[in-house]
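Spelled out from the first residue to the last, the chains are:
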Amino acid sequence: MAVRQADVVLVGGGVMSATLGMMLRQLDPSLDIVMVERLDHVAHESTDGWNNAGTGHAGYCELNYTPEGDDGDVTIDRALTINASFEVSLQLWSWLVEQGILQEPKSFINRTPHMSFVWGDDGVRFLKRRHEKLKAHHLFREMEYTESPEVLQQWMPLVVKNRDPMQKVAATRIGHGADVDFGSLTRSMVTYLESTPNFELMLSSPVTDLRKRKNGRWKVELKDQKTGEQKKVEAGFVFLGAGGGALPMLQKSEIDEAKGYGGFPVSGQWLVCQKPDIVEQHRAKVYGKAPIGAPPMSVPHLDTRIINGEPALLFGPFAGFTTRFLKKGSVFDLFGSVKPTNLRPMLSVSRTNMDLTRYLIGEVFQSHGDRVASLRNFFPDAREEDWKLQNAGQRVQIIKRTQDGGGKLEFGTEIVAAKDGTLAALLGASPGASTAAHAMLDVIHRCFSERVQTEEWQARLRELIPSYGQSLVDDEELLTRVRERTLNTLRLRED
């Protein structure tokens, strides 16, 4: 059997692999890149528009990124980091639009104000403190706060219409927030990559084995599901960007850095409304506070979505318990991921997160009426017949081994890379796709460490991402200059 030789293999046809492939193609057009995808289309798992929130996660509205301490103070460090990371993605997308690589921005990104909405004395007190701390930083200087019924009527008419006038409510707003169709974005990037030399896309080709050869290169074995043919690709670098499927393949690699990692799969569902007379009344992403015991991915929000050019309203997500790592995965995924190196961490997490497990199981048994009742916290006039339930994507939260040998459940995104830089994997969930460019910069630094130090690559990276090598968190003038360009290029500026 002939072995296909390549420089880079990207496993998974989602936004992470596409972003890394795009960046590497711009840094070195001569690289021979192969992308392999188990499905017959790219961007049809976690990256698909219906399988994620589509929120350009910038920390503007997501209250779980600004936790409240026992003393009532609010910590904003994570929101600052996520916001700066999203700005990196906006810069890359702007460059791609300017070069004509990505076409009309509205095909993948649309201005959709980001809002937080709370009710009750505790909620209002928290949101006011959060606003005070965030607005004091230049990354969030445009944030508005209100408790005014008149202003709220302008911001979110569906949310306040026929609401109890005695209920104390408050909201914040950032006008240049974004709704991102990551599926359309990814398909556009892959279409471009296919038009370039030295790029091959292998669809319907799940990875069956992954091993490092004595010569230091990786052998990736595939099975063509349409022909049944076994294929082999050998490469000097492999990236595992296959969403929930990344963990099992990382374990197959047997690199030392993979030991101790496990996964906690969580499913999701949306309530969806596509009735024009309702959809046109709401143009925002409105996030609230998560129920006690809920995972961060279950922060409730009522969202304007534009998927494949069609507007809709989504509410949720409603989490659930599953043993699948992918939406089109196997019920045995979780059990197959248990290894001697992660058994203790996984057992430790299962013991210390029983409240979360009970919450997820409870979500599974909710009725349609129960879900619509939750929706009425955000849309008091919601009617059951106007909304349908639709499955979202799977998320696999990270389980990491702690220093004492136990385990900790992590809610976030993490790069795991071999010490020799020949393999890297992306694990975890939110903020995920929104920070793809920042995450893939991390991969490039860790896995192409010598080349990234060359003047050629340094100059090219500053062209792709003007803030490269500088801190948007610390440099207000840089942020002002960068944001001016991206808001204009991607048409996110308020009219």
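Residues numbered from 1 in each chain as written. Predicted model: local features only at pLDDT ≥ 70, side-chain atom pairs only at ≥ 80, totals over all residues. Heavy atoms only, no water.

Chemist: Could you give an account of the environment of Arg283, naming the residues involved and the relevant values?
Modeler: Among the structural elements, Arg283 can be located in the loop between helix H8 (276–279) and strand E13 (285–287). Remark: the alpha-carbon pair of Arg283 and Phe126, spanning 157 residues in sequence, is separated by 25 Å. Excluding its chain neighbours within four sequence positions, the residues that come into contact with Arg283 are Asn110, Arg111, Thr112, Pro113, Thr304 and Ile306. Within the local environment of Arg283, its side chain forms a polar contact with the backbone oxygen of Arg111, the two atoms lying 3.4 Å apart. (Helix = DSSP H or I, 4+ residues; strand = E, 2+ residues; numbered from the N terminus. Contact = heavy atoms within 4.5 Å. Polar contact = N/O pair within 3.5 Å; in protein donor to acceptor, adjacent residues only side chain to side chain.)

Chemist: Any chance you could break down the packing of aromatic side chains for me, citing the residues and the numbers?
Modeler: As enumerated under the stated definition, the model contains eleven aromatic pairs in all. Pairing Phe117 with Trp119 gives two aromatic rings, centres 5.8 Å apart and planes at 50°, and the pair type is tilted. Of the residues examined, Trp119 reaches a relative accessible area of 31% and is grouped as partly exposed. Between Phe315 and Phe378, the aromatic rings sit 5.4 Å apart at their centres with planes inclined by 55°, giving tilted as the arrangement. Of this pair, Phe315 sits in strand E15 (residues 310–321) while Phe378 sits in the loop between helix H12 (368–375) and strand E16 (388–391), placing them 63 residues apart in sequence. Phe378 gets classed as buried once you look at its relative accessible area, which sits at 2%. Ring-pair connections join several aromatic residues into one group, and the members of that group are Phe117, Trp119, Phe315, Phe318 and Phe378. Cation over ring: Lys289 sits above Phe126, and NZ or CZ is 4.3 Å from the ring centre. Across the ring face of Phe318, the terminal group of Arg371 is positioned such that the distance to the ring centre comes to 5.7 Å. (Phe/Tyr/Trp six-rings, centres within 6.5 Å; stacked < 30°, edge-to-face > 60°. Buried < 20%, exposed > 50% of the residue type's maximum accessible area, 1.4 Å probe, protein only. Lys NZ or Arg CZ within 6 Å of the ring centre and 35° of its normal.)

Chemist: Before we move on, could you go through the packing of helix H1 (residues 15–27) against helix H13 (residues 436–447) and cite the residues and values that matter?
Modeler: As a packed pair, H1 and H13 sit with axes 9 Å apart at the nearest point and diverge in direction by 60°. In this view, H1 runs oblique relative to H13, as classed from their interaxial angle. The handedness of the crossing between H1 and H13 comes out as right-handed. Packed against H1, whose contacting residues are Val15, Met16, Thr19, Leu20, Met23, Leu24 and Leu27, the element H13 presents Ala436, Ala437, Met440, Leu441, Val443 and Ile444 at the interface. Class assignment of the residues belonging to the contact of H1 with H13 gives a composition of twelve nonpolar, one polar and no charged. (Axes fitted to C-alpha atoms, helices over the stretch in contact; angles between N-to-C directions. Parallel < 35°, antiparallel > 145°, perpendicular 65-115°, else oblique. Left-handed = near helix turned anticlockwise from the far one by under 90°. Nonpolar A, V, L, I, M, F, W, Y, C, P; charged D, E, K, R; others polar.)

Chemist: Give a detailed account of the side chain of Glu62, specifying residues and quantitative values.
Modeler: Locating Glu62 in the fold gives a position in the loop between strand E2 (33–36) and helix H2 (77–98). Comment: no salt bridge for buried Glu62; closest opposite-charge side chain is Arg130, at 5.2 Å. In this structure the side chain of Glu62 is engaged in a polar contact, spanning 3.2 Å, whose partner is the backbone nitrogen of Tyr60. With near-sequence residues (within four places) excluded, Glu62 lies in contact with Thr55, His57, Arg130 and Tyr287. (Lys, Arg positive; Asp, Glu negative; His and termini not counted. Salt bridge = Lys/Arg side-chain N within 4 Å of Asp/Glu carboxyl O.)

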